[in-house]
Amino acid sequence: MRDDTDDRSTVIDRVAPVDAPPPARPAIEVDDPGPAETAWRAAIDRAALPPWHPGAAGIVLVVSPHPDDETLAVGGLLHDLVAAGWRVRLASVTDGEAAYPAVSGLGALRRRELASALDRLGIADATVIHRLELPDGRVAQCQAALEERLTPLVAGMSWVLAPWGDDGHPDHEACGRAAAAVVARGGGGQMRFPAIRFFPIWAWQWAAPASPNSTIASSAGKDSSPASCSIT
Ligand SMILES: [Zn+2]
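Residues numbered from 1 in each chain as written. Predicted model: local features only at pLDDT ≥ 70, side-chain atom pairs only at ≥ 80, totals over all residues.

Colleague: Sorry, what's going on with the overall build of the protein here?
Modeller: Summing up its helical and strand segments, the protein has 6 helices and 5 strands in all. Listed N to C, the secondary structure of the protein is α-β-α-β-α-β-α-β-α-β-α in terms of helices and strands. Expressed as a percentage of the 232 residues in the protein, the buried residues total 41%. Once local pairs closer than 6 in sequence are excluded, the contacts in the protein between residues at least 24 apart make up 82%. (Helix = DSSP H or I, 4+ residues; strand = E, 2+ residues; numbered from the N terminus. Buried ≥ 20, exposed ≤ 12 C-beta atoms within 10 Å, placed from the backbone. Contact = placed C-beta atoms within 7 Å.)

Now the structure itself:
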């Protein structure tokens, strides 16, 4: 179980190559607690990452694969940005409806939890949610559709925040790839300037601090055949 008390607001200014063939990946034990927070903090200190200066207040687009990812990854950051006058456009890519198949109505429940989380963060009034309704667990198969739906959303954005392309979850990685592709195309010429940063979510648990960009994702659910995308 993830611990949402961690500081997960780190942003990473890089993404894994998207065209390289996927290497063999070890199976992931979801319940593995992963590296200690102190190990990550030491690694981050050693890396001496440069501070991120977002500049004058504008609008930030957050690409969130499942309701809760935006909160776990950049909730604190969004709180601070909104306090500084920023507004948030949240691309909520799936409803997270497939996480626990035995739970009926999970997607609706997670949408309510999302609304509650934004309220608790104090950013509800400054946030517009765009529900993209892609299928939970099959975002990689729908990457083209995701890019199409993200393209108009980057209009007028100062920044795009998206999952790290090597985060370890197929949906997360697909969101990172799609956001990077849309920004690389300049968002159809609508972005104020192409600017994107990437955040880890599961990588805190699944990656090793000594090699934070190692490939660590589960081999499960890695079918990326575009033909298997089924959306309405
Ligand atoms: Zn997620």
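Colleague: How should I be thinking about the sheet that holds strand β2 (residues 87-92) in this particular structure?
Modeller: Sheet strands pair by backbone hydrogen bonding; their relative direction is either parallel or antiparallel. In space, the 5 strands of this open sheet follow the order β3-β2-β1-β4-β5, with parallel pairing throughout. Pairing within the sheet leaves two strands with one partner each, and these edge strands are β3 (127-131) and β5 (196-199). If you compare each strand with its neighbour and ignore which way they point, the axes differ by 20 degrees on average. Pairing geometry for β2 and β3, over 5 bridges, is parallel. In the strand pairing of β3, A91 is matched with H130. Here helix α5 (residues 170-184) sits on the sheet in contact with β1 (59-64), β4 (159-163) and β5, set at roughly 155 degrees to β4. (Pairing = 2+ DSSP bridges. Axes fitted to C-alpha atoms, helices over the stretch in contact; angles between N-to-C directions.)

Colleague: Honestly, the environment of L61 in this entry has me stumped. Any pointers?
Modeller: Among the structural elements, L61 can be located in strand β1. Remark: the alpha-carbon pair of L61 and S158, spanning 97 residues in sequence, is separated by 8.1 Å. Dropping the residues within four chain positions of it, L61 is found in contact with R89, A91, L153, V154, M157 and V160.

Colleague: Before we go on, may I ask you to explain the environment of A115 in this structure?
Modeller: By the secondary structure assignment, A115 is in helix α3 (residues 106-121). Residue A115 is classed as partly exposed on the basis of its 14 C-beta neighbours within 10 Å. Here the alpha-carbon distance between A115 and P67, two residues 48 residues apart in the chain, equals 9.2 Å.

Colleague: I would appreciate a short explanation of the pairing of β2 in the present structure.
Modeller: As a general feature of sheets, a regular strand has side chains that alternate between the two faces. Direction of pairing for β1 relative to β2: parallel, over a ladder of 6 bridges. Directly across from V62, in β2, lies its bridge partner L90. On the question of chirality, the crossover connecting β2 to the parallel β3 by way of α3 is right-handed. (Right-handed = clockwise from strand over helix to strand, strands pointing away.)

Colleague: Explain the packing of helix α4 (residues 143-150) against α5 here, please?
Modeller: Angle between the axes and distance between the axes are the two parameters that describe a pair of packed helices. Contact geometry for α4 and α5: axes closest at 9 Å, N-to-C directions at 50 degrees. For the element pair α4 / α5, the angle class is oblique. Handedness of the crossing formed by α4 with α5: right-handed. Along its contact with α4, which presents Q143, L146, E147 and L150, the element α5 presents A174, C175, R177, A178, A179, A181 and V182. (Parallel < 35°, antiparallel > 145°, perpendicular 65-115°, else oblique. Left-handed = near helix turned anticlockwise from the far one by under 90°.)

Colleague: How do you make sense of the pairing of β5 when you look at a structure like this?
Modeller: Burial of β5 is two-sided: the residues I196 and F198 facing one way and the residues R197 and F199 facing the other way are all buried. In this sheet, β5 lies alongside β4 in parallel orientation, the contact comprising 4 bridges. Looking at the pairing, L161 lines up with R197 of β5.

Colleague: Looking at this structure, how should I read α5?
Modeller: Given 3.6 residues to a turn, an α-helix orients residues that are three or four positions apart in the same direction. Over its 15 residues, α5 extends 21 Å from the first C-alpha to the last, a length consistent with the 21 Å expected when each residue adds 1.5 Å. Burial analysis of α5 places 13 of its 15 residues in the buried class, the great majority of the element. G186, located one to two residues past α5, shows a positive phi value of around 75 degrees. (Expected span 1.5 Å × (residues − 1).)

Colleague: Got a minute to help me understand unusual backbone geometry in this structure?
Modeller: Excluding glycine, most residues fall at negative phi; most peptide bonds, likewise, are trans. Not every positive phi belongs to a glycine, and A48 is a case in point at roughly 50 degrees. Mapped onto the secondary structure, A48 falls in the loop between α1 (37-47) and β1. For D68, which is not a glycine, the phi torsion comes out positive at approximately 120 degrees.

Colleague: When you look at the confidence of the model for the protein in this model, what are you seeing that I'm missing?
Modeller: Where the model shows low pLDDT, its predicted coordinates should not be examined in detail. On average, residues of the protein score 81 in pLDDT, and 75% of them reach the 70 mark or higher. Under a pLDDT of 50 for its full length, residues 1-9 has, in the predicted model, 14 contacts with residues more than four places off or in other chains. (pLDDT = per-residue confidence, 0-100.)

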